[in-house]
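The lines below spell out each chain.
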Amino acid sequence: MIQKRIAQWALMAIAVPVAAAGARQLSRKMESRRGPSRMSRLLAKGADKLRPQKAKRRRFW
C-alpha cells in the first residue's frame, strides 16, 4: 500500500517535470530550425499544462 503511494509520488515529483522540460525543449528546437508550426505550439502548450512557468506574484496592498 505504501509502496504504491511512493511510486505515485515519484512519478509526480520526477517524471512529470522531466517530461514537461523535454517537451518544451523539443518545441524550442523545432521553432529554431523550422519556425513556428502547429506541432511546436502544441508541444509548448502541453508542457505548460504539465508544469506551468512561475506565475507573477499578486500583491494585495
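The residue numbering used here restarts from 1 in each chain and proceeds along that chain's sequence as written. Where local features are concerned, this predicted model is filtered to residues with pLDDT of at least 70; where side-chain atom pairs are given and counted, the filter is 80 or more; whole-chain, interface and lining totals use all residues. Hydrogens and waters are ignored; side-chain quantities use all the structure's heavy atoms.

Re a positive patch on the surface
Applicable threshold: Here the term patch refers to residues with relative accessible area over 30% and no salt bridge, with like charges joined within 9 Å and nonpolar side chains (Val, Leu, Ile, Met, Phe, Trp, Tyr) within 5 Å. Using the Shrake-Rupley algorithm and a 1.4 Å probe, accessible areas are obtained, with residue cover drawn only from the displayed protein chains. Here a salt bridge means any side-chain nitrogen of Lys or Arg lying within 4 Å of a carboxyl oxygen belonging to Asp or Glu. Counting rule for charge: Lys and Arg are taken as positive, Asp and Glu as negative, and neither His nor the chain ends is counted. For this purpose, a charge sits on NZ of Lys, CZ of Arg, CG of Asp or CD of Glu. Comment: elements are numbered from the N terminus, with helices defined as DSSP H or I runs of at least four residues and strands as E runs of at least two.
Judged by side-chain charge, Arg-38, Arg-41, Lys-45 and Lys-49 come together as a positively charged surface patch. Structurally, Lys-49 is set in helix 2 (residues 38-50).

Observations concerning the packing of helix 1 (residues 2-34) against helix 2
Quick reminder of the rule: For helices, the fitted line uses only the C-alpha atoms of the stretch in contact; every axis is such a line through C-alpha atoms, and the angle between N-to-C directions lies from 0 to 180 degrees. Angle categories: roughly parallel below 35 degrees, roughly antiparallel above 145, roughly perpendicular from 65 to 115, and oblique for all the rest. Crossing handedness: left-handed means the near helix sits turned counterclockwise from the far one by under a right angle, and right-handed means the same turn made clockwise. Contact between two residues is taken to exist if any of their heavy atoms lie within 4.5 Å; hydrogens are not considered. Residue type decides the class: Asp, Glu, Lys and Arg count as charged, Ala, Val, Leu, Ile, Met, Phe, Trp, Tyr, Cys and Pro as nonpolar, and the leftover types, Gly among them, as polar.
Contact geometry of helix 1 with helix 2 gives a least axis separation of 8 Å together with a crossing angle of 155°. One element, helix 1, and the other, helix 2, form an angle in the roughly antiparallel class. Between helix 1 and helix 2 lies a crossing whose hand is left-handed. Here Val-16, Ala-20, Ala-23, Arg-24, Leu-26, Ser-27, Met-30 and Glu-31 of helix 1 come into contact with helix 2, specifically with Met-39, Ser-40, Leu-43, Ala-44, Ala-47, Asp-48 and Leu-50. Across the contact of helix 1 with helix 2, the residue classes tally to 10 nonpolar, 2 polar and 3 charged.

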